[in-house]
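Each chain, letter by letter, is given below.
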Amino acid sequence: MKTKLTKQLESTLYQYCLEQGAYVVEEVSMPDKQGIVDTLSYQQLPDGQLEWRCYELKVTKADFHSKAKLSFIGNYNYFVLPQALYTEVAAEIPDHIGVLIYRAFDQKAMDLAPQALRAPGFLTVAKKAQRQDLQVDETALTSHFVASLFREVDKAKRVQKGLQLYTDDQLFKALKKRSQVGYDVYDPDHNLYDRFVADLQTDAVDALQAELDARNAEYQALQLKYRAHVHPNLEDQI
């Protein structure tokens with residue numbers, strides 16, 4: 001489970017990479033069992049070569065010392081850290097690995113911003129990364145990058161389609177499961193199932209009322225038409 005700070009680093013790094021003119025995606029499995037990199041970006045250089053950058057995000061000292069494999073296989077490789085953590089682990093970072101420091105925007109500054117900010121903070125380069133040769137086959141890495149991009153697109157499309165992707169049986173089971181957790185018999189408005197049924201009943205009543213109003217209007221129009229046909233001079237007599 002990602003912490004709030006981890007998500008802040010991730011979204012800020014994503015925007016940072018976009019501003020550098022790079023393509024970027026999170027959580028990419030590396031070829032040759034080289035682990036999973038937190039964020040991978042690539043950029044095509046003027047000479048046609050591709051430049052790959054790997055980023056590992058760490059928010060605590062325990063996280064930094066995790067046994068999870070560091071996938072620093074790119075041409076440039078970085079740790080992305082909060083300032084406090086960088087102070088603690090700076091001496092442990094290899095010479096060729098760069099460091100980006102995350103700093104959150106001040107809440108007052110965010111409130112005064114003329115438009116919504118695209119990231120919760122900003123990154124500064126505390127230590128430059130040294131270039132190295134790509135540590136895996138570039139064709140295989142490109143394939144893994146594209147597969148991860150497809151995963152994100154598929155995820156976005158699922159969110160956009162929402163509940164349309166689920167069968168009625170799946171939705172019913174989910175609704176039933178939620179209705180059984182902490183059912184409040186004294187305050188039905190707090191229960192998902194009761195709210196759902198109440199909304200259905202309200203929608204049904206509204207639909208029936210609309211149908212009744214339409215039929216009344218049609219009946220009155222027919223009455224007027226009938227009177228005008230049977231008693232064409234009725235209005236003159238009145």
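- The protein carries the name DUF4365 domain-containing protein in an unreviewed UniProt entry, which gives Lactiplantibacillus daowaiensis as its organism.

**Details of the environment of Glu92**
Phase 1 of the analysis: With respect to the element layout, Glu92 can be found in the loop between α3 (83-89) and β5 (98-104).
Phase 2 of the analysis: For Glu92, a relative accessible area of 40% gives the class partly exposed.
Phase 3 of the analysis: Setting aside anything within four residues of it in sequence, one finds Glu92 in contact with Lys61, Phe64 and His65.

**Things to note about helix α1 (residues 4-19)**
Phase 1 of the analysis: Taking 1.5 Å per residue, 16 residues should reach 22 Å; α1 reaches 23 Å between its end C-alpha atoms and fits that length.
Phase 2 of the analysis: Listed as buried for α1 are Thr6, Leu9, Glu10, Thr12, Leu13, Gln15, Tyr16 and Cys17.
Phase 3 of the analysis: If you follow the buried residues of α1, they end up packed against β1 (23-29), β2 (36-44), β3 (50-57), β4 (76-82), β5 and β6 (121-127).
Phase 4 of the analysis: Positive backbone phi, at 80°, marks Gly21, one or two positions downstream of α1.

**Observations regarding the side chain of Ser41**
Phase 1 of the analysis: Note that Ser41 resides in strand β2.
Phase 2 of the analysis: The class of Ser41 is buried, set by a relative accessible area of 2%.
Phase 3 of the analysis: Sequence-distant contacts of Ser41, that is, excluding residues within four places in its chain, are made with Cys17, Ala22, Tyr23, Val24, Glu51, Trp52, Arg53, Tyr55 and Phe145.

**Quick notes on the pattern of salt bridges**
Phase 1 of the analysis: Taken as a whole and judged by the stated rule, the model has six salt bridges.
Phase 2 of the analysis: The partner of Arg53 in a salt bridge is Glu51, and the shortest N-O contact between them spans 3.0 Å.
Phase 3 of the analysis: For Arg53, a relative accessible area of 21% translates into the label partly exposed.
Phase 4 of the analysis: One continuous salt-bridge network, built from bridges that share partners, spans Lys2, Glu10 and Glu27.

**Details of unusual backbone geometry**
Phase 1 of the analysis: Positive phi, normally seen in glycine, also occurs at Glu27, with a value near 50°.
Phase 2 of the analysis: Following the sequence through the fold, Glu27 ends up in strand β1.
Phase 3 of the analysis: Owing to a relative accessible area of 36%, Glu27 belongs among the partly exposed residues under this scheme.
Phase 4 of the analysis: The phi dihedral of Lys33 is positive, around 55°, even though this residue is not glycine.
Phase 5 of the analysis: Within the secondary structure layout, Lys33 lies in the loop between β1 and β2.

What counts, and where the lines are drawn
Residues numbered from 1 in each chain as written. Predicted model: local features only at pLDDT ≥ 70, side-chain atom pairs only at ≥ 80, totals over all residues. Heavy atoms only, no water. Helix = DSSP H or I, 4+ residues; strand = E, 2+ residues; numbered from the N terminus. Buried < 20%, exposed > 50% of the residue type's maximum accessible area, 1.4 Å probe, protein only. Contact = heavy atoms within 4.5 Å. Expected span 1.5 Å × (residues − 1). Salt bridge = Lys/Arg side-chain N within 4 Å of Asp/Glu carboxyl O.

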